[in-house]
Amino acid sequence: MRTGFALAALATLSASLIPETVRAEDDARLRGLWKLVSYEVEVRANGEMLPVMGTHPTGYAYFTPDKRVFFVLTGEGRKPAEDDAQRAALFKTLVSYTGRYRLDGDKWIAKLDVAWDPKWIGTEQTRTFTLEGERLRVLTPWRVMPNWADRGETRSIVTFEREKE
């Protein structure tokens, strides 16, 4: 009987030492509404950091309990467009998409079904994140972002604060 108990205890201890690829506590902490605080871009070629959405961008991210994420992020100082050139310029200060997501350690992977740029529809977008109190810090992988493709490969560093719903 003692051997059975010891084996069961050892099995429980061993299982608890195996790292989980998805942390349930992060999933619960990630859920809800997040207000955009800052959006910076790092240029891979020279390390330059750019506030591409201005110093006071606006927007939200929302992670639902059923694993859908919504992003609507806009740059500071956007004004209504008067002509085609101005409408095209607005594209540089907008990021918006939604899709189902799953967690893998400190990353989420979203399979997009709607996006401001049609090239993103059907893609999987991976983001690394950290949760520190009421702050969510997001880091994208290096890629050529459609909004500022002239900069070459960049990665975005995006910070949110939890918003009261």
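Everything here concerns the structure above.
Description of the structure in this document. (Residues numbered from 1 in each chain as written. Predicted model: local features only at pLDDT ≥ 70, side-chain atom pairs only at ≥ 80, totals over all residues. Heavy atoms only, no water.)

Quick look at the overall build of the protein chain
- In terms of regular secondary structure, the protein chain is built from three helices and 10 strands.
- Going residue by residue from the N terminus, the α and β elements of the protein chain occur as α-α-β-β-β-β-α-β-β-β-β-β-β.
- Each of the 165 residues in the protein chain was classed as buried or not, and the buried ones make up 35%.
- For the protein chain, long-range pairs separated by at least 24 residues make up 52% of all intrachain contacts whose partners lie at least 6 apart in sequence.
- Carbon and sulfur atoms form 57% of the exposed surface of the protein chain, whose accessible area is close to 9800 Å². (Helix = DSSP H or I, 4+ residues; strand = E, 2+ residues; numbered from the N terminus. Buried < 20%, exposed > 50% of the residue type's maximum accessible area, 1.4 Å probe, protein only. Contact = heavy atoms within 4.5 Å. Areas by Shrake-Rupley, 256 points an atom, 1.4 Å probe, with all protein chains shown as cover.)

Overview of unusual backbone geometry
- Look at Lys 67: it is not a glycine, yet its phi comes out positive at around 70°.
- Along the polypeptide, Lys 67 turns up in the loop between strand E3 (58-63) and strand E4 (68-74).

Remarks on the pattern of salt bridges
- Applying the stated criterion across every chain yields a total of 11 salt bridges.
- Residue Asp 27 pairs with Arg 31 through a salt bridge whose shortest N-O separation is 3.4 Å.
- Two residues, Asp 27 and Lys 67, come together in a salt bridge whose shortest N-O distance is 3.5 Å. Here Asp 27, found in helix H2 (residues 24-30), pairs with Lys 67, found in the loop between E3 and E4; they are 40 residues apart in sequence, far enough to count as distant.
- Relative accessible area serves as the criterion here: at 24%, Lys 67 is assigned to the partly exposed category.
- Sharing partners across several salt bridges, the network here consists of Asp 27, Arg 31 and Lys 67. (Salt bridge = Lys/Arg side-chain N within 4 Å of Asp/Glu carboxyl O.)

Quick notes on the environment of Pro 118
- Tracing the backbone shows Pro 118 in the loop between strand E6 (107-115) and strand E7 (124-132).
- According to the relative accessible area criterion, Pro 118 is exposed, its value standing at 60%.
- In sequence terms Pro 118 and Tyr 97 are 21 residues apart; their C-alpha atoms lie 9.9 Å from each other.

So, the pairing of E4
- For E4, a buried count of five out of seven residues is recorded, marking the element as mostly surrounded by other parts of the structure.
- Pairing analysis gives six bridges linking E3 to E4, with the strands arranged antiparallel. Opposite Phe 63, over in E4, you have Val 69 as the bridge partner.
- Two successive antiparallel strands, E3 and E4, enclose a turn made up of four residues, where Lys 67 displays a positive phi of approximately 70°.
- As judged from the seven bridges shared by E4 and strand E5 (residues 94-104), these two strands associate in the antiparallel manner. Looking at E5, one finds that Phe 71 is bridged to Tyr 97. (Pairing = 2+ DSSP bridges.)

Here's the deal with the side chain of Thr 64
- Secondary-structure assignment places Thr 64 in the loop between E3 and E4.
- By relative accessible area, Thr 64 is classed as buried at 9%.
- A polar side-chain atom of Thr 64 sits 2.4 Å from a polar atom in the side chain of Asp 66.
- Excluding residues that lie within four positions of it along the chain, Thr 64 makes contacts with Arg 31, Phe 70 and Tyr 101. (Polar contact = N/O pair within 3.5 Å; in protein donor to acceptor, adjacent residues only side chain to side chain.)

Description of the nonpolar core
- The biggest cluster of nonpolar side chains holds 29 residues, and the ones touching the most others in it are Tyr 39, Phe 63, Phe 71, Trp 108, Leu 136 and Phe 160.
- Of all the elements in the fold, those that place two or more residues in this core are strand E1 (32-43), E3, E4, E5, E6, E7, strand E8 (135-139) and strand E10 (153-162). (Core = buried A, V, L, I, M, F, W, Y, C linked by side-chain atoms within 4.5 Å.)

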